[in-house]
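Single-letter residue listing:
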Amino acid sequence: MASDSNDTIPSKIKAWVYAERGNPVDVLKLVPDVGVPELKEDQVLVKVVAAALNPIDFKRALGLFKDIDSPPPIVPGYDVAGVVVKVGDQAKKFKVGDEVYGDINEKALDHPKQHGTLAEYTAVEERLLALKPKNLSFVEAASLPLAIETAYEGLERAGSSPGKSILVLGGAGGVGSLVIQLAKEVFGASRVAATSSTGKLDLLKSLGADLAIDYTKENFEELPEKFDVVYDTVGQSERAVSAVKEGGNVVTIAGAVTPPAVQFILTSTGSILEKLNPFLESQKIKPAIDPKGTFPFSQAPEAFSYLQTGRVTGKIVIHPIP
Ligand SMILES: NC(=O)c1ccc[n+]([C@@H]2O[C@H](COP(=O)([O-])OP(=O)(O)OC[C@H]3O[C@@H](n4cnc5c(N)ncnc54)[C@H](OP(=O)(O)O)[C@@H]3O)[C@@H](O)[C@H]2O)c1
């Protein structure tokens, strides 16, 4: 028998939905009576407290992945922080009342869920979740899963290890701000360099970058210094391969791939979050949220428009919900 909380779970909930693909600001509608997602046996139902946006949310809405996407209507949103209110028959890891966070889509592009996190409740396989670090707010926790898991998986794939030097392209973005921190604090990089525009150089330093490169004034590939690892979050792999040492590795998460750079698509798993929780609890790794980046539920379309400028610093989070 599935167990649930004493609080009544409503049968109809509020959610942002698009019935057809297009620009989020045009197609997103706030629907007051969406059905609560049905719980599979390995899932838990989460009362959403905060949900973060990622570029994939608008790329998906625009139809960039429509051949491998689930059909509309779609409730967008991958990232969630919230409270478990119901536990599926085979779910053993969490109990009702646990505060959790995670990226609810195991395969980011392969038929992600129709019912995402921009809703009052969301259903998610428990293996994709971890307990929320106690010191983090729900907003901070929601900002992390997809971006920090991508940062971690990319550094691992690039063979990052203690003593290596790393160049991060796009150090001020959702993923880049975490790559800088993980490189230093988790993978033991000896030196971290990162790129951004002029106004964000101080942020790069505060995140732990030893060298902050202003891409409006300098071409990183023309620096005399070369790096063991280049982590490209911008879509500059053609240039990135000129910045890596012989025998080094380039990993890219956006745009076209120029060998020997390699690209990957994140596989979401709660186990990476569990591994990183001690670093979050000791504040060695800190969430980076855009100063204008917390939007109430009613302003989700405005949050999408801001994300689509490509100038966001760190993350955008939707809170409170509803
Ligand atoms: N493959 C995967 O599994 C995976 C996972 C996550 C994300 N992604 C993709 O990776 C990309 C980055 O994601 P994100 O969440 O980090 O995006 P984001 O937060 O929207 O990135 C915005 C940041 O990019 C910086 N930026 C833009 N152009 C730049 C340039 N030429 N050089 C340096 N920095 C630049 C901006 O800083 P300035 O204002 O200073 O320019 C801004 O702070 C997106 O395309 C996303 O879809 C892929």
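Above this text is the structure in question.
What counts and how
Residues numbered from 1 in each chain as written. Predicted model: local features only at pLDDT ≥ 70, side-chain atom pairs only at ≥ 80, totals over all residues. Heavy atoms only, no water. Near = heavy atom within 4 Å. Polar contact = N/O pair within 3.5 Å; in protein donor to acceptor, adjacent residues only side chain to side chain. Areas by Shrake-Rupley, 256 points an atom, 1.4 Å probe, with all protein chains shown as cover. 1 Å grid on protein atoms, 1.4 Å probe; cavity = no way out; pocket = protein on both sides within 12 Å on 5 of 7 lines; lining within 4 Å. Sits in = over half its atoms within 2 Å of the grid points. Helix = DSSP H or I, 4+ residues; strand = E, 2+ residues; numbered from the N terminus. Nonpolar A, V, L, I, M, F, W, Y, C, P; charged D, E, K, R; others polar. Salt bridge = Lys/Arg side-chain N within 4 Å of Asp/Glu carboxyl O. Points joined across faces, edges and corners; volume = space filled by probe spheres on them. Pairing = 2+ DSSP bridges. Contact = heavy atoms within 4.5 Å. Axes fitted to C-alpha atoms, helices over the stretch in contact; angles between N-to-C directions. Expected span 1.5 Å × (residues − 1). Buried < 20%, exposed > 50% of the residue type's maximum accessible area, 1.4 Å probe, protein only. Arc of directions from axis to C-beta.

Residues and numbers for the site of the ligand, please.
In the vicinity of the ligand, 27 residues are found, and the nearest of them are Lys-59, Ser-197, Lys-200, Tyr-215 and Val-312. Between the ligand and Lys-59, the relevant distance is 2.7 Å, taken from an oxygen atom to a side-chain nitrogen or oxygen of the residue. Ile-253 is positioned with one of its backbone polar atoms (N or O) 3.4 Å from a nitrogen atom of the ligand. When the ligand sits alone it has 930 Å² of accessible area, and the protein chains cover 86% of it. Its atoms largely coinciding with the cavity grid, the ligand occupies the largest pocket. Within the residue set of the shell around the ligand, elements represented by two or more residues are α2 (55-61), α4 (145-157) and β10 (191-196). Among the residues forming the shell around the ligand, the class breakdown is 13 nonpolar, 11 polar and 3 charged.

Explain the pattern of salt bridges to me, using residue names and the numbers behind them.
This model, assessed by the stated rule, comprises 14 salt bridges. Across the pair Lys-95 and Asp-98 runs a salt bridge, and its minimum N-O distance is 3.0 Å. Arg-157 is the partner of Glu-153 in a salt bridge, and the nearest nitrogen-oxygen pair spans 2.9 Å. Pair noted here: Glu-153 and Arg-157 are both in helix α4, with a separation of 4 residues, about one helical turn. One salt-bridge network, in which partners are shared between bridges, spans Arg-21, Arg-60 and Asp-69.

Quick one: what's the story with the layout of surface pockets, residue by residue and with numbers?
Approximately 1,200 Å³ is the volume attributed to the largest pocket. The wall of the largest pocket is formed by 44 residues, among which Pro-55, Lys-59, Thr-233, Ile-253 and Ala-254 lie closest to the centre. Looking at the lining of the largest pocket, the elements with two or more residues in it are α2, α4, β10 and β16 (315-318). Broken down by element, the residue count for the lining of the largest pocket peaks at 4 residues, all from α2. Across the lining of the largest pocket, the residue classes tally to 22 nonpolar, 17 polar and 5 charged. Quantified by volume, the second largest pocket comes out at close to 220 Å³. Forming the walls of the second largest pocket are Pro-37, Glu-38, Lys-40, Gln-43, Pro-73, Lys-113, Gln-114, His-115, Ala-123 and Glu-125. For the lining of the second largest pocket, the per-class residue count stands at 3 nonpolar, 3 polar and 4 charged.

Which residues make up the sheet that holds strand β14 (residues 262-263), and what values do they have?
Taken in spatial order, the 6 strands of this open sheet run β11-β10-β9-β12-β13-β14, and their pairing is parallel. The open sheet has two edge strands, β11 (211-214) and β14, and neither has a second partner. Sheet analysis places β10 next to β11, joined by 4 bridges and oriented parallel. The residue bridging Thr-195 from the neighbouring strand is Ile-213, located in β11. Docked against the sheet, α4 engages β9 (165-169), β12 (227-232) and β13 (244-252), running at close to 145 degrees with respect to β12.

Please give an account of helix α8 (residues 270-281) that cites residues and values.
For α8, which comprises 12 residues, the first-to-last C-alpha distance of 16 Å matches the rise-based estimate of 16 Å (1.5 Å per residue) to within 8%. All of the buried residues in α8 are Gly-270, Ile-272, Leu-273, Leu-276, Asn-277 and Leu-280. Along the axis of α8, the buried residues cluster in a sector spanning 150 degrees; they form a single face. Residues of α8 that are buried in the fold lie against β6 (99-103), β8 (129-131), α4 and α5 (176-185).

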